[in-house]
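Spelled out, the chains give:
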Amino acid sequence: MIIEKVKKINNSEGEFINHYLVNDKYNVPKDEANRDYQSILAWVADGNTIQEAD
Amino acid sequence: MALSKIDVANMLTGLVPNDNTIRRPNAKPLIINGDMAISQRATSVTGLTNGSDVYVALDRFGFNEFGSPSSQHTMTQESLTSGNAYINGFANALKMDVTTAQGSLDADDATMIIYKFEGQDLQLFKKGTANAEKFTLAFWVKSTKTGTHVVELFDKDNTRHVSGTYSISTTNTWEHKVVVFPADTTGVFGDDNARSLDVSWFLSAGTNYTSGTLQTSWGGQADTTRAVGQVNTVDNTSNNWHITGVQLEVGEFTSSTLPPFQHESFGDNLARCQRYFETTFEVGTAIGASTSTGIIRSGGNQGGRTSGRMGHGFTYPVPKRSAPTVVFYDNSGNSGALARLDQGSSTASNKNATLAGGSQKSFEVTSTGDSTADCLNYHFTADAEL
């Protein structure tokens, strides 16, 4: 997956649900066993920033 | 009356005889989808090259590359109707077709087919202990290029690896190969759901992986020893490489002592693959296709028709290896979307699909207020691959 943008997902109460929306398509869990979350961690380590939820 | 010989010593100790006996009678095969019967994502994908996703077609078997190879490939789930693999019970194979050749490899270029294991499925190899077992990898293979090919085991937990070779004797002819790897008394596989072991069948390898002496005993990572002698199978667009009947056994076997391939039913095979990937799109239908076949329809809004928020929970038939990455699609091929259905009246596609929660076992999707509807329609993929 080539990451372009990452945004937190909140529930209707405004609480973070431990998932991120990547490229407006992929719902990625905050779970280090998930290979896409590993890619997010690498993307952040490269200096990119996760956006807050809408 | 003749008496059978009884192994009293092993009856008393409970030890398994240390010979070429089948160690895992009645167990399911360690390699999932080794007969290449399952291909949920697609049956053929073109343009595989530098930067491509690993898993694109066959379940559990992926395309991997190092460096920036310029070769391009089509991966296909191939139906077999003849040949030695077919007459030995294999009706499907993974085929790699070179569509853009790379005759001259950059030093850091390499391409391969890869299979990844969870550590908790490998404990029976007793790796990292004094009782460590050998690994026997067997498979049917057909390659246009004759000569030496390399297959590698890479221990991701301990950054250790070992390579073996097989030789293609006759071009474009199915041959059965048995490769034995030594036991490793160093480095335990983690007893968890993380990636512990990769099996890589090299298709090409630049000098960064070939300039040393092949690593035929387990050792720490030394790239120059990983694929020494590998022929370049990507140097001509006429070249193909095929594989099926992949099995991994505990201990050392030869072609004459190898246990039979453990064929599973299609349903059992599919269920084991679904631990890693699941979709509502029908087998043979491209992910994201414009179709309602297989689509989930929520049970309807208990309050009747509404233009407000609606939600739907789904429990996976097979719990995933870990919490998966989930993608929603509507009936028209839009991703990140679902359709709000007003039954008997209209279907409004391309409405925002928002994940409300997810785990290894289930998810909930919601649709914010929009067009009047009484249920939701959506496809999904759930990916928990290693």
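Residues numbered from 1 in each chain as written. Chains lettered and ligands numbered in written order. Predicted model: local features only at pLDDT ≥ 70, side-chain atom pairs only at ≥ 80, totals over all residues. Heavy atoms only, no water.

Novice: Help me understand the sheet that holds strand E2 (residues 61–66) of chain B in this model?
Specialist: Each strand in a sheet pairs with another by means of backbone hydrogen bonds, the pair being arranged parallel or else antiparallel. Residues and elements named next belong to chain B. Sheet architecture is open: 6 strands sit in the order E2-E5-E10-E7-E8-E11, paired in antiparallel fashion. Among the strands making up the open sheet, the edge pair consists of E2 and strand E11 (219–220). Two strands pair when backbone bridges link them, and strand E7 (residues 147–155) and strand E8 (residues 160–168) are joined in this way by 9 bridges, in the antiparallel orientation. In the strand pairing of E8, Val151 is matched with Gly164. (Pairing = 2+ DSSP bridges. Helix = DSSP H or I, 4+ residues; strand = E, 2+ residues; numbered from the N terminus.)

Novice: Teacher, can you tell me more about the interface of chain B and chain A here?
Specialist: For interface size, the figure often reported is the accessible area lost on association. Each side of the interface is counted separately: chain B has 23 residues, and chain A has 16 residues. Of the roughly 1,400 Å² buried at the junction of chain B and chain A (both faces included), carbon and sulfur atoms supply 47%. Among the residues of chain B in contact with chain A, B:Ala323, B:Thr325 and B:Leu355 are the three that bury the most area, contributing 32% of the side total. Joining chain B to chain A, the criterion identifies 1 salt bridge. (Contact = heavy atoms within 4.5 Å. Buried area = accessible area lost by both parts, 1.4 Å probe. Salt bridge = Lys/Arg side-chain N within 4 Å of Asp/Glu carboxyl O.)

Novice: When you look at the side chain of B:Glu133 in this model, what are you seeing that I'm missing?
Specialist: Mapped onto the elements, B:Glu133 comes out in the loop between strand E5 (110–118) and strand E6 (135–143). A polar side-chain atom of B:Glu133 sits 2.9 Å from a polar atom in the side chain of B:Lys126. (Polar contact = N/O pair within 3.5 Å; in protein donor to acceptor, adjacent residues only side chain to side chain.)

Novice: Quick question: what am I supposed to make of the domain arrangement of chain B here?
Specialist: Residues and elements named next belong to chain B. Examined at the domain level, chain B breaks down into domain 1 (17–274) and domain 2 (296–383). A straight line from the C-alpha centre of domain 1 to that of domain 2 covers 38 Å. Tallying the contact residues gives 6 residues for domain 1 and 6 residues for domain 2. The interface formed by domain 1 and domain 2 holds 1 salt bridge in total. Here Asp383 and Arg41 are joined by a salt bridge, their closest N and O atoms 3.9 Å apart. Counting every contact that joins domain 1 to domain 2 gives 2 residue pairs in polar contact (both at pLDDT 80 or more). Of the residues assigned to the side of domain 1 that touches domain 2, the class counts are 2 nonpolar, 2 polar and 2 charged. (Domains from an automatic or database assignment. Nonpolar A, V, L, I, M, F, W, Y, C, P; charged D, E, K, R; others polar.)

Novice: Can you walk me through the pattern of salt bridges in this structure?
Specialist: Think of it this way: side chains of opposite charge can pair up when their charged atoms draw near. Residue and element names in this part refer to chain B. What the rule picks out here adds up to 23 salt bridges over all chains. Note that Asp198 is salt-bridged to Arg195, the shortest N-O span being 2.6 Å. Two residues, Glu278 and Lys320, come together in a salt bridge whose shortest N-O distance is 2.7 Å. Here Glu278, found in strand E13 (residues 277–279), pairs with Lys320, found in the loop between strand E15 (310–315) and strand E16 (325–329); they are 42 residues apart in sequence, far enough to count as distant. In this pair, the class of Glu278 matches that of Lys320, namely buried. Put simply, Lys28, Glu264, Asp268 and Arg272 are held in one network by salt bridges that share partners. (Buried < 20%, exposed > 50% of the residue type's maximum accessible area, 1.4 Å probe, protein only.)

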